[in-house]
Amino acid sequence: MTTSEKSLRTCRKGHQYYKSTDCPTCPTCEQERKPESGFLSQLSAPARRALENNGVTTLEQLSQYREVEILKFHGMGPGSMPKLRAALEAVGLSFKQ
């Protein structure tokens, strides 16, 4: 990503926002699509998108991955791993060994 001065942008839905990077994500649209419940609701937007972009939307799907595989997803950081581990443990699942 390239950092520069903030520029005013308008998304496809008409929301206006300022961004200083070339990231095309509209903050208003991201907030609107954030789940109200479930494990994805506990994650930051980049971590949530990382999982969704890789087809992981359920805990059962998440349990099919090793932790190191999840950490390789663009947007996923180590700070999200404790939340993911806790969500899996709450339903009797764990990451693949």
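S.K.: How should I be thinking about the environment of Leu-71 in this particular structure?
M.R.: Mapped onto the elements, Leu-71 comes out in helix H4 (residues 67-71). Each C-alpha atom of the pair Leu-71 and Ala-50 lies 9.5 Å from the other, and the pair is 21 residues apart in sequence. In contact with Leu-71, not counting residues within four places along its chain, are Met-76, Gly-77, Pro-78 and Met-81.

S.K.: Hey, could you run me through the environment of Gly-38 in this one?
M.R.: Along the chain, Gly-38 turns up in the loop between helix H1 (27-32) and helix H2 (45-53). Judged by its relative accessible area of 43%, Gly-38 is partly exposed. For the pair Gly-38 and Ala-87, spaced 49 residues apart in sequence, the C-alpha to C-alpha distance is 8.6 Å.

S.K.: Can you help me understand the pairing of strand S2 (residues 16-19) in this one?
M.R.: Successive residues of a regular strand alternate their side chains across the two faces of the sheet. Burial of the side chains of S2 is restricted to one face: Tyr-17 and Lys-19 are buried, whereas none of Gln-16 and Tyr-18 on the reverse face is. Where strand S1 (residues 7-10) folds back on S2, the antiparallel hairpin that results is connected by five residues, among which Gly-14 adopts a positive phi of roughly 95°.

S.K.: Would you mind showing me how to read H2 here?
M.R.: Because an α-helix packs 3.6 residues into every turn, residues spaced three or four apart end up facing the same way. Taken together, the buried positions of H2 are Ala-47, Arg-48, Ala-50 and Leu-51. Down the axis of H2, the buried set is contained in an arc of 155°. They therefore lie on one face. Those residues of H2 that are buried lie in contact with H1, helix H3 (59-62), H4 and helix H5 (81-90). Downstream of H2 by one or two residues, Gly-55 has phi in the positive range, about 80°.

S.K.: How should I be thinking about the packing of aromatic side chains in this particular structure?
M.R.: In total, this model carries one aromatic pair according to the counting rule given. Where Tyr-65 meets Phe-73, the ring centres are 5.6 Å apart and the plane angle is 80°; that geometry is what we call edge-to-face. Of the residues examined, Tyr-65 reaches a relative accessible area of 23% and is grouped as partly exposed. Note on Phe-73: relative accessible area 11%, which makes it buried.

S.K.: What is the right way to read the nonpolar core from this model?
M.R.: Core analysis: the biggest nonpolar cluster contains 17 residues, and Phe-39, Leu-51, Leu-62, Ile-70, Met-76 and Leu-84 have the highest contact counts within it. Mapped onto this core, the elements with two or more residues apiece are H2, H3 and H5. With four residues, H5 is the largest single contributor of residues to this core.

S.K.: Sorry if this is basic, but what is going on with the pairing of S1 here?
M.R.: Looking at chain direction, S1 and S2 are connected through four bridges and run antiparallel. When the bridges of S2 are listed, Leu-8 appears paired with Tyr-18.

The rules behind the values
Residues numbered from 1 in each chain as written. Predicted model: local features only at pLDDT ≥ 70, side-chain atom pairs only at ≥ 80, totals over all residues. Heavy atoms only, no water. Helix = DSSP H or I, 4+ residues; strand = E, 2+ residues; numbered from the N terminus. Contact = heavy atoms within 4.5 Å. Buried < 20%, exposed > 50% of the residue type's maximum accessible area, 1.4 Å probe, protein only. Pairing = 2+ DSSP bridges. Arc of directions from axis to C-beta. Phe/Tyr/Trp six-rings, centres within 6.5 Å; stacked < 30°, edge-to-face > 60°. Core = buried A, V, L, I, M, F, W, Y, C linked by side-chain atoms within 4.5 Å.

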